[in-house]
Amino acid sequence: MTTELLRGDLCPLCGRPLTLRPTVVVRSNVPYPTRIDMVPHCISCAGDMPHAQEWADLMHARYGI
């Protein structure tokens, strides 16, 4: 997992700097990943179950993820 910081982007819930994490897109009938994207991630909020959905909604609105 890469932990490169996004320049100037802070988590909308806790205000900590966002990191990048890989996400894999796999199409059916293909034995290998079709694409690997890097998406913004907040270690504390994305794993916090009470706030995970709220965090996901805010990130989707901000980045279109």
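Residues numbered from 1 in each chain as written. Predicted model: local features only at pLDDT ≥ 70, side-chain atom pairs only at ≥ 80, totals over all residues. Heavy atoms only, no water.

A closer look at the overall build of the chain
Argument step 1. When its secondary structure is counted, the chain shows two helices and three strands.
Argument step 2. Secondary structure of the chain in N-to-C order comes out as β-β-β-α-α.
Argument step 3. Burial status across the chain gives 20% buried among its 65 residues.
Argument step 4. Looking at the chain alone, contacts between residues at least 24 apart form 30% of all its contacts between residues at least 6 apart.
Argument step 5. For the chain, the computed accessible surface area is about 4800 Å², with 55% contributed by carbon and sulfur atoms. (Helix = DSSP H or I, 4+ residues; strand = E, 2+ residues; numbered from the N terminus. Buried < 20%, exposed > 50% of the residue type's maximum accessible area, 1.4 Å probe, protein only. Contact = heavy atoms within 4.5 Å. Areas by Shrake-Rupley, 256 points an atom, 1.4 Å probe, with all protein chains shown as cover.)

Observations concerning the nonpolar core
Argument step 1. If you look at the biggest cluster of nonpolar residues, it comprises six residues: Cys11, Leu18, Cys42, Cys45, Trp55 and Met59.
Argument step 2. When neighbours within four sequence positions are excluded, Cys42 is seen to be in contact with Cys11, Cys14, Leu18 and Trp55. (Core = buried A, V, L, I, M, F, W, Y, C linked by side-chain atoms within 4.5 Å.)

Examining the confidence of the model for the chain
Argument step 1. On average, the chain scores 76 in pLDDT, and the residues at 70 or more come to 85%.
Argument step 2. By mean pLDDT, strand S1 (residues 5–10) is the weakest element of the chain at 68, and strand S2 (residues 17–25) is the strongest at 81. (pLDDT = per-residue confidence, 0-100.)

Some words on a nonpolar patch on the surface
Argument step 1. There is a patch of nonpolar side chains on the surface, built from Val24, Val26 and Ile36 and spanning about 280 Å² of accessible area.
Argument step 2. Accessibility expressed as a relative area gives 48% for Val24, which makes it partly exposed. (Patch = residues over 30% accessible without salt bridge, like charges linked within 9 Å, V, L, I, M, F, W, Y side chains within 5 Å. Salt bridge = Lys/Arg side-chain N within 4 Å of Asp/Glu carboxyl O.)

So, the environment of Ile43
Argument step 1. In this structure, Ile43 sits in helix H1 (residues 43–46).
Argument step 2. Residue class for Ile43 comes out exposed when judged on its relative accessible area of 63%.

As for the environment of Pro22
Argument step 1. Take Pro22: it is sitting in strand S2.
Argument step 2. Given a relative accessible area of 35%, Pro22 falls into the partly exposed group.

What to know about helix H2 (residues 49–63)
Argument step 1. For H2, with 15 residues, the first-to-last C-alpha span of 21 Å sits near the 21 Å given by 1.5 Å per residue.
Argument step 2. Among the residues of H2, Ala52, Trp55 and Met59 are the ones counted as buried.
Argument step 3. Following H2 by one or two positions, Gly64 has its phi on the positive side, about 70°. (Expected span 1.5 Å × (residues − 1).)

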